[in-house]
Amino acid sequence: MQPTDLKPEQFNGYPPEARKLAANYIGALQRLPLSFLPSLLREVIEYDFKFPVERRAVEKELANLASLSPEQLKDWFQGFAQIHLSSRLESSDWVNAPAQFVEQLSAHLWSTHQLDAFRAAAVGYAERLRAAAPPEPPAIPRLGIAIVGQGVAAYDAPLFRKLRPNGVYFNHVEPENGLAMLLDVVAARAKAHPMPYAHWYIDGGQEARHAPALTCVSYAALQPARAALTAKMRAEIERPGMGPEALRTLMARLRPEDLGMTAAPGKASDPVMERFQLKVLTESSGTQIFATTFAQWTAREALRRAQPLTLLVRFAPRQRQRPMNEMISDDTKPAELDPVGSLVDADFGAYYNWLNQQRLPGAEQSSFVAWFEGHNEAVAIGPAWPRGAQSNNVTDMKQLLG
């Protein structure tokens, strides 16, 4: 089947809002080359489970495609039109399984030496789309906070070496009630600017008390889901003939209910967050077993997808490195923690969080704070702070946040 053969009823297997969206833009979808269309449908089929900023981006992209004249469409997609597809790809169910088509397309492009041509076409399209439908600026300047070093009594090596050149390093921060004060700042921003999924608190351990207005994800709260997932991984690994591709396919097909990720009785369900947390656990490496990896990857995905106005990430100690089979075993004994090694991980994680925040619209006005929990070291980055400076003055959290 070719895109020109598309009919609205062929999207009946999509979730309700995605089905409606595809039907509304069926004319635009019919005009697109098959080498491109499944990549777009991969986003459309997930529409019901996307964050608001992602939904608006998909809507703007479809509206832009519908507005192109035949001449403009030919100009925009001439690179994709020159990609030759195999009969196997053309006959696959690319409407209902667009992600599988895209995965198989990658292998086809590599084996037929068309990868460079496809990449050039994709880069050209992305640049045109960015010019026609620019990203949304944030409603207020973004604020990112990283808290590292939980459980570390003392650490003599320099911290925040990657972050220091970009802001001010403070070495006399008053640490009393630091976590509560930072969470209060996040709560105040959420109260002043109430928007869905705009203010996040991610904890690599047990979440602290926080305002209910915050979008909260924690490693401890997902323990039942992580245990269910590692049990499935363990069963798959022990199956004769198992390979990494089979394991990846299994994880890609999992649904939130397969891991018990459903709302408790009496609580409202949030399919968007259930699907987000599922993807954090199934589409990355190490989030199931390492608390620091979980915190850093969850922050990365939250920034990339939800583009929050406020993000506080608190790293917690991870388990000490062991053979993989031991770490995914059903051993009920508490794992040995590695607080100092976790601090090193979190130091780099804080830097990655800042980098990912800087990739978002409005980066020039964004602020970022990293703090060594329970201690007097911190870094503050933003338009109000000079670069590469150091402050030896006594500072509290309120002053640190400007």
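Check the entry above for the structure.
Residues numbered from 1 in each chain as written. Predicted model: local features only at pLDDT ≥ 70, side-chain atom pairs only at ≥ 80, totals over all residues. Heavy atoms only, no water.

Q: Mind showing me how you'd approach the overall build of the protein chain here?
A: Secondary structure summary: the protein chain contains 16 helices and eight strands in total. Taking 402 residues into account, the globule formula puts the C-alpha radius of gyration at 21 Å, and the protein chain, at 23 Å, falls close to it. Along the longest, intermediate and shortest principal axes, the C-alpha atoms of the protein chain span 70 × 50 × 50 Å. Per-residue burial for the protein chain yields a buried fraction of 48% across its 402 residues. (Helix = DSSP H or I, 4+ residues; strand = E, 2+ residues; numbered from the N terminus. Rg over C-alpha atoms; globule rule 2.2 N^0.38 Å. Buried < 20%, exposed > 50% of the residue type's maximum accessible area, 1.4 Å probe, protein only.)

Q: I would appreciate a short explanation of a nonpolar patch on the surface in the present structure.
A: On the surface, V344, F348 and Y352 cluster together into a nonpolar patch covering about 260 Å² of accessible area. Secondary-structure assignment places F348 in helix α15 (residues 339-358). (Patch = residues over 30% accessible without salt bridge, like charges linked within 9 Å, V, L, I, M, F, W, Y side chains within 5 Å. Areas by Shrake-Rupley, 256 points an atom, 1.4 Å probe, with all protein chains shown as cover. Salt bridge = Lys/Arg side-chain N within 4 Å of Asp/Glu carboxyl O.)

Q: Which parts of the structure should I look at to understand helix α5 (residues 70-81)?
A: Here α5 contains twelve residues, and its C-alpha end-to-end distance of 14 Å is more than 12% below the 16 Å for a straight helix at 1.5 Å per residue. Buried within α5 we find L73, W76, F77 and F80. Angularly, the buried residues of α5 cover 80° about the axis, an arc narrow enough to put them on a single face. Among the exposed residues of α5, those oriented more than 90 degrees off its buried face are E71 and K74. For α5, the elements touching its buried residues are α4 (52-67) and α8 (115-132). (Expected span 1.5 Å × (residues − 1). Arc of directions from axis to C-beta. Contact = heavy atoms within 4.5 Å.)

Q: How should the packing of helix α10 (residues 223-238) against helix α11 (residues 244-252) be read in this particular structure?
A: The axes of two packed helices give the description: the angle between them and the distance between them. The geometry of α10 relative to α11 is characterised by a closest axis approach of 10 Å and an angle of 150° between their N-to-C directions. In terms of orientation, α10 and α11 fall into the roughly antiparallel class. For the pair α10 and α11, the sense of crossing is right-handed. Contacts between α10 and α11 involve L229, K232, M233 and E236 from the former and A246, L247, L250 and M251 from the latter. Across the contact of α10 with α11, the residue classes tally to six nonpolar, no polar and two charged. (Axes fitted to C-alpha atoms, helices over the stretch in contact; angles between N-to-C directions. Parallel < 35°, antiparallel > 145°, perpendicular 65-115°, else oblique. Left-handed = near helix turned anticlockwise from the far one by under 90°. Nonpolar A, V, L, I, M, F, W, Y, C, P; charged D, E, K, R; others polar.)

Q: Honestly, the sheet that holds strand β4 (residues 215-218) in this entry has me stumped. Any pointers?
A: In spatial order, the strands read β4-β3-β5-β1-β6-β7-β2-β8; together these eight strands make up an open sheet with mixed pairing. Each edge of the sheet is formed by a strand with only one pairing partner; in this case those strands are β4 and β8 (389-391). Averaged over all neighbouring strand pairs, the angle between strand axes comes to 15°, with direction disregarded. Note: strand β6 (residues 367-372) against strand β7 (residues 378-381), four bridges, orientation antiparallel. Following the sheet pairing, F368 is matched in β7 by I381. (Pairing = 2+ DSSP bridges.)

Q: Help me understand the nonpolar core in this model?
A: Where a protein is soluble and globular, its nonpolar side chains tend to be buried together. Judged by nonpolar contacts, the single largest core of 49 residues is most densely connected at F51, F160, L163 and W200. Counting residues per element, this core draws most heavily on helix α13 (residues 291-306), which supplies seven residues. Discounting chain neighbours no more than four positions away, the residues touching L163 are A350, Y351, W354, F368, A370, V379 and I381. Counting 39 residues, the second-largest nonpolar core is a separate cluster that includes L68, F77, F101 and L109. (Core = buried A, V, L, I, M, F, W, Y, C linked by side-chain atoms within 4.5 Å.)

Q: What am I meant to see in the environment of V168 here?
A: Checked against the element boundaries, V168 lands in strand β2 (residues 168-170). On the basis of relative accessibility, which here comes to 4%, the residue V168 falls in the buried class. For V168 and S106, which are 62 residues apart along the polypeptide, the C-alpha to C-alpha distance reads 44 Å. In contact with V168, other than residues within four places in its own chain, are A378, V379, A380, W385, P386, A389, Q390 and S391.

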